[in-house]
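# Fold and contact review
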Amino acid sequence: MKSINRLRSGYMVWMAALMIGTSGFAQSGDTDDLESWTSIGLKYKLNKKWSFALEEQLRLDENISEVSKYFTELDAEYSISKSFDIGGGLRYIRNNDNKGNIQGYENHFRFHVDATYKHKINALSLKYRLRYQNKNELGVDNSEGDYANQNIRFKTSVEYDFKNWKLDPEFSAEIFNHFEEGDDNGFSKYRLTLGTDYKIRKYGKIGLFYRMEKELNVDLPETTHIIGLKYTYTIKNK
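The secondary structure content of the protein chain amounts to 1 helix and 11 strands. Counting helices and strands in the order they occur from the N terminus, the protein chain gives α-β-β-β-β-β-β-β-β-β-β-β. Per-residue burial for the protein chain yields a buried fraction of 31% across its 238 residues. When contacts within the protein chain are restricted to residue pairs at least 6 apart in sequence, long-range pairs at least 24 apart make up 45% of them. In the structure as shown, the protein chain presents an accessible area of about 15,200 Å², 56% of it carried by carbon and sulfur atoms.

Structure follows, in structure tokens:
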């Protein structure tokens, strides 16, 4: 019991240190950026096989001083078995372009399809997700050389289940493989995320996470530190 309590205390101290350290880093004048991602969602479980979700999200960048984008996303998931799920999602994005001669909000549309495999090893829950993602700017003529922004993403996550404790930690790592017409292809960035969820009986679930995202295969890679807060309310069909 003492060892478990130490692990819990160490995890909470680590999370707090990451938050404080990231905030201080962002204010030090470094070229890296600090962002915040805040979302609210509604999930509907139709039955044991089908579930649907609707989410609204706001993202701030420039050290949490400007709107980066906000979007609405609709997802669907089908459970083939206890271990294997497939799904997909649609996202309408309002992206704030604040660089260059032409600035303002742009309209983007994104869709993705997923395949997820999950299993348990004692107190560990492991999950592997493969995602194809396609994003386009609406109103752009593709015949003039603007093509879809496409990615293949692979994500691995692990969650540890502490007995009689509601703040189980989860760590994930994700790699992005970008491809389009031309030579700008290959691994473009990776993400590392540490977070936890807290379930409030009858009132949904609150999630908090810290994420580090870093560009790959560019001359001056940018590192982005992200603090996320999310709330999800689930409805089950009786």
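Another aspect to go through is the confidence of the model for the protein chain. Chain-level pLDDT for the protein chain is 86 on average; 82% of the residues reach the 70-or-more range. Averaged pLDDT values for the elements of the protein chain fall to 47 in helix α1 (residues 2–26) and rise to 98 in strand β2 (residues 50–61). For the stretch residues 17–30, pLDDT sits under 50, and the model shows 15 contacts to residues farther than four places along the chain or on other chains.

The next point concerns the sheet that holds strand β6 (residues 124–137). Within a beta sheet, neighbouring strands are joined by backbone hydrogen bonds and run either parallel or antiparallel to one another. Strand order in the closed barrel made by the 11 strands is β1-β2-β3-β4-β5-β6-β7-β8-β9-β10-β11, with mixed pairing throughout. Going from strand to strand, the sheet's axes swing by 20° on average, the running direction of each strand aside. In this sheet, strand β3 (residues 66–79) lies alongside β2 in antiparallel orientation, the contact comprising 12 bridges. Among the inter-strand pairings, Phe52 is bridged to a residue of β3, identified as Ala76.

Mapped onto the secondary structure, Thr224 falls in strand β11 (residues 223–236). Since its relative accessible area comes to 7%, Thr224 is described here as buried. When near neighbours in sequence (up to four residues on either side) are disregarded, Thr224 contacts Asp33, Glu35, Arg211, Met212 and Glu213.

Moving on, we get to the pairing of strand β9 (residues 186–200). Both strand β8 (residues 169–179) and β9 contribute to a ladder of 10 bridges, which runs antiparallel. Its bridge partner lying in β9, Phe176 is registered against Lys189. Bridge count between β9 and strand β10 (residues 204–215): 12 bridges; the pairing is antiparallel. Pairing of Lys189 across the sheet is with Glu215, part of β10. Taken together, β9 and the strand that follows it, β10, pair antiparallel across an intervening segment of 3 residues, in which Lys202 is found at a positive phi of about 70°.

Counted under the stated rule, the structure contains 7 salt bridges. Of the charged contacts in the structure, one is a salt bridge between Asp85 and Lys118, with a shortest N-O distance of 3.0 Å. Here Asp85 is found in strand β4 (residues 84–97), whereas its partner Lys118 is found in strand β5 (residues 104–121), with 33 residues between them in sequence. The class for Asp85 is buried, based on a relative accessible area of 4%. We note a salt bridge from Glu213 to Lys189, for which the minimum N-O separation is 3.6 Å.

The next point concerns the side chain of His108. Within the fold, His108 resides in strand β5. Under the relative-accessibility criterion, His108 is labelled buried at 10%. What His108 contacts, discounting residues up to four positions off in sequence, is Arg91, Tyr92, Ile93, Asn95, Lys135, Asn136, Glu137 and Leu138.

A word on unusual backbone geometry. Backbone phi values are negative for most residues with the exception of glycine, while trans is the configuration of most peptide bonds. In this structure, Asn63 is a non-glycine residue whose phi angle is positive, near 55°. Along the chain, Asn63 falls in the loop between β2 and β3. One non-glycine residue, Asn217, adopts positive backbone phi at about 60°. With respect to the helices and strands, Asn217 occurs in the loop between β10 and β11. In this structure Asn217 comes out as exposed when scored by relative accessible area, which is 66%.

Calculation rules
Residues numbered from 1 in each chain as written. Predicted model: local features only at pLDDT ≥ 70, side-chain atom pairs only at ≥ 80, totals over all residues. Heavy atoms only, no water. Helix = DSSP H or I, 4+ residues; strand = E, 2+ residues; numbered from the N terminus. Buried < 20%, exposed > 50% of the residue type's maximum accessible area, 1.4 Å probe, protein only. Contact = heavy atoms within 4.5 Å. Areas by Shrake-Rupley, 256 points an atom, 1.4 Å probe, with all protein chains shown as cover. pLDDT = per-residue confidence, 0-100. Pairing = 2+ DSSP bridges. Axes fitted to C-alpha atoms, helices over the stretch in contact; angles between N-to-C directions. Salt bridge = Lys/Arg side-chain N within 4 Å of Asp/Glu carboxyl O.

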